[in-house]
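Coordinate inspection notes
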Amino acid sequence: MKRDFISMLDVKGDLEEIIDLAIKLKGKSKNGESIELLKGKTLGMIFEKSSTRTRVSFEVGMTKLGGHAIFLSKNDLQLGRGETIEDTALVLSRYCDILMYRAMSNEAMKELAKYATVPVISGLDNKEHPCQIVTDLMTIKEHKGNLKGLNFVYIGDGGNNMAHSYLLGCGIVGMNIKIVTPANYMPDEFFVKEAKKYGIKIEVIDVVNNCTKNADIVATDTWVSMGDEKEKEKRIRDFQGYTIDESLMSVAKNDAIFLHCLPAYYDYEVTKEVAHGNQSVIFDEAENRLWAQIAIMVTLCK
Ligand code: CP
Ligand code: NVA
């Protein structure tokens, strides 16, 4: 049976194992040892939205594993001219050993996973961004040594893919999570309900004042996700007051770290002083996309 990774729930049984594998393979590779665990394998990468990190980190990751990656933009595929997702999945599965999909919708993601006969990895859709959350948890583990019991505070769009996957990821590893977001940007109830099953402390609030108190990790994401561009002006108005600046960081624990999946829009969700300041680990986080995805691909191909 093939195994997909299109939601954090797909790794609820072995998330920490995948994170530890990522840290181990990162160390090995940096030490000059070979990590060619997927020699001769091909990854097909379908993109319906722009990308810097996802595209490059998957492609480089496959090279390090001894395999090969093919970039497939929707507009260059027959998918962009009306070929069905079902037929695309069935055909690409005959050539490729793994598929990565950055999709406009979660329905399209599920459809591709349903018909592909090889593992499908989400490179983000409108509901989740699971590769990024494995990466972020790996980065937190590297900096903090552990995950369970830490206090994670996310300030920004509470209803986007990052917030949803953070809820599930924090639940699975036992980290408390606070989401600070305007009232009409709350997460989908499904993700809050799922996260609650793990017995972590969950708060979803709209008050920014002092919200970073006791935080070990402070995180944010863009206020305008891909697909939300039509609402850009309204969103910028609605999120006034939610910018993470040095005064908000100073309320967090002294050794708190700052995360952002990037791309960042300075002076909107975060100031450049914070994002490039001494508590920020955003470029470790960006690098770790590479190592986390290497571990994910190796795990799914087992
Ligand atoms: N964080 C992230 O997914 O970046 P890209 O959109 O550049 O792939
Ligand atoms: N929430 C953002 C993440 C980008 C990596 C988006 O979907 O555009």
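The rules behind these values
Residues numbered from 1 in each chain as written. Chains lettered and ligands numbered in written order. Predicted model: local features only at pLDDT ≥ 70, side-chain atom pairs only at ≥ 80, totals over all residues. Heavy atoms only, no water. Near = heavy atom within 4 Å. Polar contact = N/O pair within 3.5 Å; in protein donor to acceptor, adjacent residues only side chain to side chain. Nonpolar A, V, L, I, M, F, W, Y, C, P; charged D, E, K, R; others polar. Salt bridge = Lys/Arg side-chain N within 4 Å of Asp/Glu carboxyl O. Helix = DSSP H or I, 4+ residues; strand = E, 2+ residues; numbered from the N terminus. Buried < 20%, exposed > 50% of the residue type's maximum accessible area, 1.4 Å probe, protein only. Phe/Tyr/Trp six-rings, centres within 6.5 Å; stacked < 30°, edge-to-face > 60°. Areas by Shrake-Rupley, 256 points an atom, 1.4 Å probe, with all protein chains shown as cover. Pairing = 2+ DSSP bridges. Axes fitted to C-alpha atoms, helices over the stretch in contact; angles between N-to-C directions. Contact = heavy atoms within 4.5 Å. Expected span 1.5 Å × (residues − 1).

With respect to spatial proximity, the complete set of residues near ligand 2 consists of L124, H129, N160, N161, D221, T222, S225, M226, C261 and L262. Between ligand 2 and the protein, one listed contact pairs a nitrogen atom with a side-chain N or O atom of S225 at 2.7 Å. Of the residues that constitute the shell around ligand 2, the class distribution is 4 nonpolar, 5 polar and 1 charged.

Applying the stated criterion across every chain, the model contains 17 salt bridges. Its salt-bridge partner being K30, residue E287 comes within 2.8 Å of it at the nearest N-O pair. Placement of the pair is E287 in helix 11 (residues 282–300) and K30 in helix 1 (residues 15–30), with a sequence separation of 257 residues. The class of E287 is partly exposed, set by a relative accessible area of 28%. For K30, a relative accessible area of 54% puts it in the exposed group.

This part covers the packing of aromatic side chains. Applying the stated criterion to the full structure yields 8 aromatic pairs. Taking 6.0 Å as the distance between ring centres and 85 degrees as the angle between the ring planes, the aromatic pair formed by W223 and Y268 counts as edge-to-face. Of the two residues, W223 is situated in the loop between strand 8 (217–220) and helix 8 (232–238) and Y268 in the loop between strand 9 (257–260) and helix 10 (272–275); the sequence distance between them amounts to 45 residues. Overall, W223 belongs to the buried group, its relative accessible area being 2%. An angle of 80 degrees between the planes, with centres 6.2 Å apart, marks the rings of F239 and Y242 as edge-to-face. Since its relative accessible area comes to 0%, F239 is described here as buried.

The immediate surroundings of ligand 1 are formed by S51, T52, R53, T54, R102, H129, Q132, C261, L262 and R289. Note that a nitrogen atom of ligand 1 is positioned 2.9 Å from one of the backbone N or O atoms of C261. The backbone of L262 places a nitrogen or oxygen atom 2.9 Å from a nitrogen atom of ligand 1. For ligand 1, whose unbound accessible area comes to 250 Å², protein coverage reaches 95%. Grouping the amino acids of the shell around ligand 1 by side-chain chemistry returns 2 nonpolar, 5 polar and 3 charged.

Moving on: the sheet that holds strand 5 (residues 151–155). On the basis of which strands lie adjacent, the open sheet formed by 5 strands has the order 7-6-5-8-9 and parallel pairing. Edge positions in the sheet fall to strand 7 (202–205) and strand 9, since each of these pairs with one other strand and no more. Strand-to-strand, the axes of this sheet are offset by a mean angle of 15 degrees, without reference to chain direction. Inspection of the sheet shows strand 5 paired to strand 8 by 3 bridges, in the parallel sense. For V153, the partnering residue across the bridge sits in strand 8 and is V218. The strands that helix 5 (residues 130–144) touches are strand 5, strand 8 and strand 9; relative to strand 9, the one it contacts most, it runs at about 165 degrees.

All right, on to helix 6 (residues 161–173) then. Think of an α-helix as turning once every 3.6 residues; residues three or four places apart then point the same way. An ideal rise of 1.5 Å per residue puts 18 Å on 13 residues; helix 6 measures up with 18 Å between its terminal C-alpha atoms. Along helix 6, 13 of the 13 residues are buried, which leaves the element largely enclosed by surrounding structure. Taking the backbone nitrogen of M162 as reference, a side-chain oxygen 3.1 Å away marks N160 as the first, capping residue of helix 6. G174 lies just past helix 6 and shows a positive phi near 80 degrees.

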